[in-house]
Amino acid sequence: MRTKLIVCCFLFNSIYGIAQELSLNFDAGYGFNIATESIAEGNAVQISALQTELSSVIYSYGKGLNINSEIEYFPQKQVGFGIGVGYLSSSKVQVKNHRSDYTQDVEYTATMLRFSPFVKLKFNLDQLSFYSKLGYLIGVSGEIQRDLLFVTELGDETFSRTIFNKGISHGATAGFGVEYPLTNRISLSGEVRLFIQSFGPKKGEVIIGTENGVDQLPELEPGRIHANYVDNYIHQWNPNGSTDFSKPITELRRFYPFSSVGLNLGIQYKLVKNK
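Each value, and the rule that gives it
Residues numbered from 1 in each chain as written. Predicted model: local features only at pLDDT ≥ 70, side-chain atom pairs only at ≥ 80, totals over all residues. Heavy atoms only, no water. Helix = DSSP H or I, 4+ residues; strand = E, 2+ residues; numbered from the N terminus. Rg over C-alpha atoms; globule rule 2.2 N^0.38 Å. Buried < 20%, exposed > 50% of the residue type's maximum accessible area, 1.4 Å probe, protein only. Areas by Shrake-Rupley, 256 points an atom, 1.4 Å probe, with all protein chains shown as cover. Lys, Arg positive; Asp, Glu negative; His and termini not counted. Charge placed at Lys NZ, Arg CZ, Asp CG, Glu CD. Pairing = 2+ DSSP bridges. Salt bridge = Lys/Arg side-chain N within 4 Å of Asp/Glu carboxyl O. Polar contact = N/O pair within 3.5 Å; in protein donor to acceptor, adjacent residues only side chain to side chain. Patch = residues over 30% accessible without salt bridge, like charges linked within 9 Å, V, L, I, M, F, W, Y side chains within 5 Å. Phe/Tyr/Trp six-rings, centres within 6.5 Å; stacked < 30°, edge-to-face > 60°. Lys NZ or Arg CZ within 6 Å of the ring centre and 35° of its normal.

A. Spatial organisation of the overall build of the protein. A count of helical and extended segments in the protein gives one helix and 17 strands. Here the C-alpha radius of gyration of the protein, 24 Å, is well above what a compact globule of 275 residues would show, namely 19 Å. C-alpha atoms of the protein, sized along the principal axes, occupy 75 × 50 × 35 Å. Evaluated residue by residue, the protein yields a buried proportion of 33% over its 275 residues. Taken as a whole, the protein presents about 16200 Å² of accessible surface, with 60% of it coming from carbon and sulfur. Positive and negative side-chain charges in the protein, numbering 25 and 26 respectively, have mean positions lying 15 Å apart.

Next up, the structure:
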């Protein structure tokens, strides 16, 4: 641990010494759907005995709030490099199936921690600085949460919460923005930012399962609680044709969209000013 700390201090001091400009950036913004997917079953709402209204649910888990911090340095006046750390909290994706004899409401949300090394090009025009940047995106600790509420016409309720996680996500990020200086060291920024990303969870687990408020998880077999998602496997059929739930089930891995485009506003503090 001590050796790693010494190495980090050495690298920071080296960058500090050669940089024309070394800055810390903090920003937050909201992303909107892009590179979307459609949930197959969509919404189904019965409006009469012979009519049901059907509608698509178009989504990307990238839609929502993203908060980021970056450190960047410019060894040259117009070309710089940096690395960003960001947190995504998606907006809700809701799917409903309402019929005369039951209702089913499903709600999905997602979170992810994202790292992004990037290259940044900057051009000064009077007090304003216009820039563009392009980076590689890696997502860790990604998690999709699914809440399912099923209510019969008699009022009986079944609720479950399933978490899909594990696995690393890859993608890209790009941005175009402008910086305005408030002082010699502090600037405000506005940026149109693009995230292109997908995520395929490797694990699934039911963490809540109730019927009319009574916990049912202790009564469930492991295969009804846990799932492993893989890219390739050999399926073993049971002689009696039934599914073996005595151990976690295995299914093919699915990738979900996490892409977005939106506006981020931020503040920048220069640790080293232009020479």
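B. Quick look at the pairing of strand E11 (residues 186-199). As defined by bridge partners, strand E10 (residues 169-181) adjoins E11 across eleven bridges and the pair is classed as antiparallel. In the strand pairing of E11, Thr173 is matched with Phe195. As consecutive antiparallel partners, E10 and E11 are separated by four residues. In the sheet, E11 pairs with strand E17 (residues 260-272) via ten bridges, with the strands oriented antiparallel. Paired with Val192 across the bridge in E17 is Leu263.

C. Summary view of unusual backbone geometry. Positive phi is not limited to glycine here, since Ala35 has a value of about 50°. Of note in the backbone geometry, Ser141 takes a positive phi value of approximately 55° without being a glycine. Tracing the backbone shows Ser141 in strand E8 (residues 128-152). Ser141 sits in the exposed class, given a relative accessible area of 58%.

D. Up close: the pattern of salt bridges. One pass over the full model with this rule turns up 14 salt bridges. Among the salt bridges present, the one from Glu179 reaches Lys120, with a minimum N-O distance of 2.9 Å. Here Glu179 is found in strand E10, whereas its partner Lys120 is found in strand E7 (residues 102-125), with 59 residues between them in sequence. One network of salt bridges, in which partners are shared, links Glu21, Glu72, Lys120, Lys122 and Glu179.

E. Looking closely at the side chain of Asn25. Inspection of the secondary structure puts Asn25 in strand E1 (residues 21-33). With a relative accessible area of 7%, Asn25 lands in the buried category. Side chain to side chain, Asn25 and Glu72 meet in a polar contact 3.2 Å long.

F. Region of the structure containing a nonpolar patch on the surface. A cluster of nonpolar residues, Phe26, Leu128, Tyr180, Leu182, Leu188 and Ile267, forms a patch on the protein surface that exposes about 530 Å² of accessible area. With respect to the element layout, Leu128 can be found in strand E8.

G. Spatial organisation of the pairing of strand E4 (residues 64-74). Where E1 lies against E4, eleven bridges are found, and the strand directions are antiparallel. Note that in E4 the partner of Asn25 across the bridge is Glu70. Inspection of the sheet shows E4 paired to strand E5 (residues 79-90) by ten bridges, in the antiparallel sense. Counted as the bridge partner of Leu65 is Ser89 from E5. What sits between the antiparallel neighbours E4 and E5 is a turn of four residues.

H. Region of the structure containing the packing of aromatic side chains. Going through the model one piece at a time under the given rule, you end up with eight aromatic pairs. Where Tyr61 meets Phe258, the ring centres are 5.4 Å apart and the plane angle is 50°; that geometry is what we call tilted. Taken together, the residues span a long stretch of sequence, with Tyr61 in the loop between strand E3 (51-59) and E4 and Phe258 in the loop between strand E16 (256-257) and E17 at a distance of 197 residues. Note on accessibility: Tyr61 and Phe258 belong to one class, buried. Here the aromatic rings of Tyr102 and Phe150 are separated by 5.1 Å at their centres, their planes lie at 25°, and the arrangement is stacked. Of the two residues, Tyr102 sits in strand E7 while Phe150 sits in strand E8, which places them 48 residues apart along the sequence. Among the residues examined, Phe150 registers a relative accessible area of 26% and is labelled partly exposed. Ring pairing ties together the aromatic residues Tyr59, Tyr61, Phe199, Tyr256 and Phe258, which thus form one cluster. Between the NZ or CZ atom of Lys122 and the centre of the ring of Phe74, over which it lies, the distance is 4.5 Å. Between Lys133 and the ring centre of Phe118, over which it is positioned, the NZ or CZ distance is 4.8 Å.

Function cannot be read off these values alone, since they describe shape.
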